Amino acid sequence: MTAPQIELTERAARRINAILESEKAGVMRISVEGGGCSGFSYKFDLDAAAADDDTVLERDGAKVAIDSASLPFLADCTIDFADDLIGATFKIENPHATAACGCGVSFSI
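Criteria and thresholds
- Residues numbered from 1 in each chain as written.
- Predicted model: local features only at pLDDT ≥ 70, side-chain atom pairs only at ≥ 80, totals over all residues.
- Heavy atoms only, no water.
- Helix = DSSP H or I, 4+ residues; strand = E, 2+ residues; numbered from the N terminus.
- Phe/Tyr/Trp six-rings, centres within 6.5 Å; stacked < 30°, edge-to-face > 60°.

A. Summary view of the environment of leucine 71. Relative to the helices and strands, leucine 71 resides in the loop between strand E5 (62-66) and strand E6 (78-84). On a C-alpha basis, the gap between leucine 71 and isoleucine 30 in space is 9.3 Å, while along the polypeptide they are 41 residues apart.

B. The packing of aromatic side chains, seen in detail. Scanning the entire structure with this criterion turns up three aromatic pairs. Between phenylalanine 44 and phenylalanine 90 the ring centres are 5.7 Å apart and the planes differ by 20°, which places this aromatic pair in the stacked class. Taken together, the residues phenylalanine 44 in strand E3 (residues 40-47) and phenylalanine 90 in strand E7 (residues 87-93) connect sequence positions 46 residues apart. A network of ring pairs unites the aromatic residues Phe44, Phe81 and Phe90 as a single cluster.

Written out as structure tokens, the structure reads:
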């Protein structure tokens, strides 16, 4: 089975590298959990290393770990980082989401 395509932008990779270096972590973990105002929510954590069953994305040295349960929800997504007037945040563009909340953290499929 082919792993889903997930894109990590250059901006996201730069920010992840800065966070991993400052926090002395090995990977940023992105997972999907039930909850949030639209049904599912994205969760961002730091880990020392990826687990054996994780899918690991890497760009310019930045490593993102995604667990096998979250992977289907992130298929075809783009992980980006935005630093604008509203604030600095990671943004996940999910083409399969049928609805999302205003904050962009919660979605439904």
